[in-house]
Each structure stands twice: as structure tokens, then as C-alpha cells.
Amino acid sequence: MKILHLDTNHPLLLEQFAALGFQNKEDYTSTKKEIEQHIHEYDGLVIRSRFAIDRPFLEKAARLQFIGRVGAGLENIDTEYAKSKGIFLAAAPEGNRNAVGEHTLGMLLSLFNKLNKAHDEVCSGKWDREGNRGLELDGKTVGIIGYGNMGKAFAKKLRGFDVEVICYDIEGGVGDENARQVGIMELQQKTDVLSLHVPENELSLGMIDAKFIDAFQKPFWLLNTARGKCVVTADLVMGLKSGKILGAGLDVLEYEKSSFENLFKNTAPPDGTGRLPEAFQYLMRAENVLLTPHVAGWTVESKEKLAQTIVDKVKARFC
């Protein structure tokens, strides 16, 4: 089998595919149009998020037997058309779920204890103990939307705390010993901390909007380590200003380029004015907001585990 690698990944991918007798071809610089001209020569494709694998691309991939997406989701692939062509799709949420669970917990504890604010103040010579009095997680109710690999990993990390963990998912029967599955109304009635772990699809796009936020009975903290476009940023900011949202930990943002490599397409704000969106400027200034650059699943260990997961799935299917 000839395998085309479109993004750099852990070297074990190349090494183990070669050991299986596969022929590896690396192309990290050609344009999508250039790759389309010779994609018909390959049996396998390995990608992270460099560009979308859409129907026109797949129509040219006459020999393609599998696509390995070295990451958790498949939103950059036309999965319906790929499956209709019999192409095996291998994502790797098992590879970075632990990293996401740890990062989400880290963001929550940092927000509750004002760690970033306190650090900045001490470094600037300000010693304000009362202004940095924190909150304890014990006694709170943590609500998780999306209880797959990532949601379950975060719930597992919460086992050492005296908290109630509830989860909501479009699929039934996903609750376990770490989280009780509930309906959306109970989730909105009880939640103190809301954590998103959903894929990007037509159901989740813009899901966290003003109407959804207002439906919560109590003010709550929001964590998003899933996909940026699941949250309407302007509505989030309104919630922060009103106090309905007490604070937010955001590893992903609505403005991200689809490759996740840049915050804005072509590294410039989307409105073409050269100015950052007002909502984003607010998030940057807010002391109760913590931002990270889409790195929740981006650890030294997860890089290896993601690659190994793809190898294992392809090996199980074709060898």
C-alpha cells in the first residue's frame, strides 16, 4: 500500500507503516490542488487538519482505502461520501483523551483559584491576598455535554473531588460510574460548571448561544476544549458581562482557521479591518477568562499515542 502523509506527526507512524510493508510518501508543502493531481496513486492518506477532504478531492482518490486523521474528530472529512466509497476512516480520540481531561481540569482549577491573575499581579509587584481568594470545587455540580472519549476522560479526573458529575448526550445509555446521564433540563437546572466535549457538526455549531445560556437556573462557569464554533462568542461575552457566566476557560475559539494552526484566516481578523473583534478583545482583557491556543490534547505523550492509535486501527483492518 502507498500511503500519503500530509502533516508531520510522530515518527512512529512512518516507521511502523514501513515495517508493515507500506510505502510512505511525505508531502507537507504542496497545495490541495497539486495533491489532487496525484492522489489517485495512493491507497492510504494520513492528515491532521491541513485542509478539508471534501467530495471533489475524494472523487479523484480512486484507490483510496483509508484515511487516518491524527486527532479526535472527522469534521474536516466528508465522511458520508467517504463511507459510500468504502473508505475506512480512522480518527484517534483515544490518543489524546487523557490530555484533554487533564487540561480541562487544569483550566477549571486555575479559574477557581485565580492563578493567572495572581501570578501577573505578584510579578508586577502587587500583593493582594483578599482579591485572589479562590473557590473550592467540592460541593459543586459539574455538567458535561458530550459524553464520549473526552467527556469520560474529564469525568474520570473529577473522581478525587466531592462533586456531582452529570452528563448530557444525544445518545442514550452513555452514563457510567463517573457521571449520571440526565436530560437537558436537569443539566440546566443543576450545573455549576459546564464543560463541552462535543464534535463539530450541524447540531453543535452555535449551540452555546444566548437562549441556551439564559436557560440555566444558576450562574455557571464554562469550559470549552471541544470546538470553537460551538460557542457564539458575542453571546458568551454578554453572559460574562451580566454575571450569568461566572468565568470561562477556552482552549478553542470561534475565530480559528479550520486547520487550527492560526487564530484568524490568513492570520488577520475576519472582518478585514485589521481590528480584533470586540468580543475577542473583551475575552483578552477579562480576569475571569483563561485562553489557550487549542492545545488541550497537545502533549508530548498524546503526540505518540495519537500516532500509535492510527497505526493500530489501520493494522487491525488491513493486516
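You'll find the structure just up there.
One structure accompanies this document, and this report is about it. (Residues numbered from 1 in each chain as written. Predicted model: local features only at pLDDT ≥ 70, side-chain atom pairs only at ≥ 80, totals over all residues. Heavy atoms only, no water.)

1. What to know about the overall build of the protein
Reasoning step 1: When helices and strands are tallied, the protein shows twelve helices and twelve strands.
Reasoning step 2: C-alpha extents for the protein along the principal axes are approximately 65 × 50 × 35 Å.
Reasoning step 3: The buried share among the 319 residues of the protein stands at 47%.
Reasoning step 4: Contacts in the protein between residues far apart in sequence, at least 24 positions, make up 60% of those at least 6 positions apart. (Helix = DSSP H or I, 4+ residues; strand = E, 2+ residues; numbered from the N terminus. Buried < 20%, exposed > 50% of the residue type's maximum accessible area, 1.4 Å probe, protein only. Contact = heavy atoms within 4.5 Å.)

2. Comments concerning the layout of surface pockets
Reasoning step 1: Estimates place the volume of the second largest pocket at around 410 Å³.
Reasoning step 2: In this structure, the second largest pocket is lined by 21 residues; those nearest its centre are Lys117, Ala286, Glu287, Asn288 and Val289.
Reasoning step 3: Elements that contribute at least two residues to the lining of the second largest pocket include exactly α5 (93–112), α6 (115–123), α11 (278–285) and β12 (289–291).
Reasoning step 4: The leading source of residues in the lining of the second largest pocket is α6, at five residues.
Reasoning step 5: Residue composition of the lining of the second largest pocket, by class: eleven nonpolar, four polar and six charged. (1 Å grid on protein atoms, 1.4 Å probe; cavity = no way out; pocket = protein on both sides within 12 Å on 5 of 7 lines; lining within 4 Å. Points joined across faces, edges and corners; volume = space filled by probe spheres on them. Nonpolar A, V, L, I, M, F, W, Y, C, P; charged D, E, K, R; others polar.)

3. Re the packing of α5 against helix α12 (residues 300–318)
If you want to describe how two helices pack, look at the angle between their axes and the distance between the axes.
Reasoning step 1: Where α5 contacts α12, the axes come no closer than 7 Å and their chain directions differ by 155 degrees. Taken together, the axes of α5 and α12 are roughly antiparallel relative to one another. The hand of the α5/α12 crossing is right-handed. Facing Pro93, Glu94, Gly95, Asn96, Asn98 and Ala99 of α5, the residues of α12 in contact are Ser302, Lys305, Leu306, Thr309 and Lys313.
Reasoning step 2: For the contact of α5 with α12, the class distribution of residues is three nonpolar, five polar and three charged. (Axes fitted to C-alpha atoms, helices over the stretch in contact; angles between N-to-C directions. Parallel < 35°, antiparallel > 145°, perpendicular 65-115°, else oblique. Left-handed = near helix turned anticlockwise from the far one by under 90°.)

4. Focus on α5
Reasoning step 1: Compared with an ideal rise of 1.5 Å per residue, which puts 20 residues at 28 Å, α5 spans 28 Å between its outermost C-alpha atoms and is within 8% of the ideal.
Reasoning step 2: Backbone geometry just after α5 places lysine 114 at a positive phi near 50 degrees. (Expected span 1.5 Å × (residues − 1).)

5. Topic: the sheet that holds strand β1 (residues 2–5)
Reasoning step 1: The five strands lie next to each other as β2-β1-β3-β4-β5, forming an open sheet whose pairing is parallel. For this open sheet the edge positions go to β2 (23–26) and β5 (88–90), each flanked by a neighbour on one side alone. Taken over all neighbouring pairs, the strand axes of this sheet differ in orientation by 15 degrees on average, direction set aside. (Pairing = 2+ DSSP bridges.)

6. Quick notes on the environment of lysine 25
Reasoning step 1: Inspection of the secondary structure puts lysine 25 in strand β2.
Reasoning step 2: Judged by its relative accessible area of 39%, lysine 25 is partly exposed.
Reasoning step 3: A sequence separation of 69 residues divides lysine 25 from glutamate 94, and the C-alpha atoms of the two residues are 26 Å apart.
Reasoning step 4: Excluding residues within four positions of it along the chain, lysine 25 makes contact with Ile3, Leu4, His5 and Tyr42.

7. Brief notes about the pairing of strand β9 (residues 193–196)
Reasoning step 1: The alternating pattern of β9 places Val193 and Ser195 and Leu194 and Leu196 on opposite faces, both of which are buried.
Reasoning step 2: Strand direction decides the pairing type here: strand β6 (residues 141–145) and β9, joined by four bridges, are parallel. Opposite isoleucine 145, over in β9, you have leucine 196 as the bridge partner.
Reasoning step 3: In the sheet, β9 pairs with strand β10 (residues 220–224) via four bridges, with the strands oriented parallel. Within β10, the residue paired with valine 193 across the bridge is tryptophan 221.

8. So, the pattern of salt bridges
Reasoning step 1: Scanning the entire structure with this criterion turns up 16 salt bridges.
Reasoning step 2: Between glutamate 186 and lysine 190 there is a salt bridge whose closest N-O contact spans 4.0 Å. Of this pair, glutamate 186 and lysine 190 both sit in helix α8 (residues 184–190), separated by four residues, roughly a single helical turn.
Reasoning step 3: In the salt-bridge network here, residues are joined through shared partners; they are Glu164, Arg180, Glu186 and Lys190. (Salt bridge = Lys/Arg side-chain N within 4 Å of Asp/Glu carboxyl O.)

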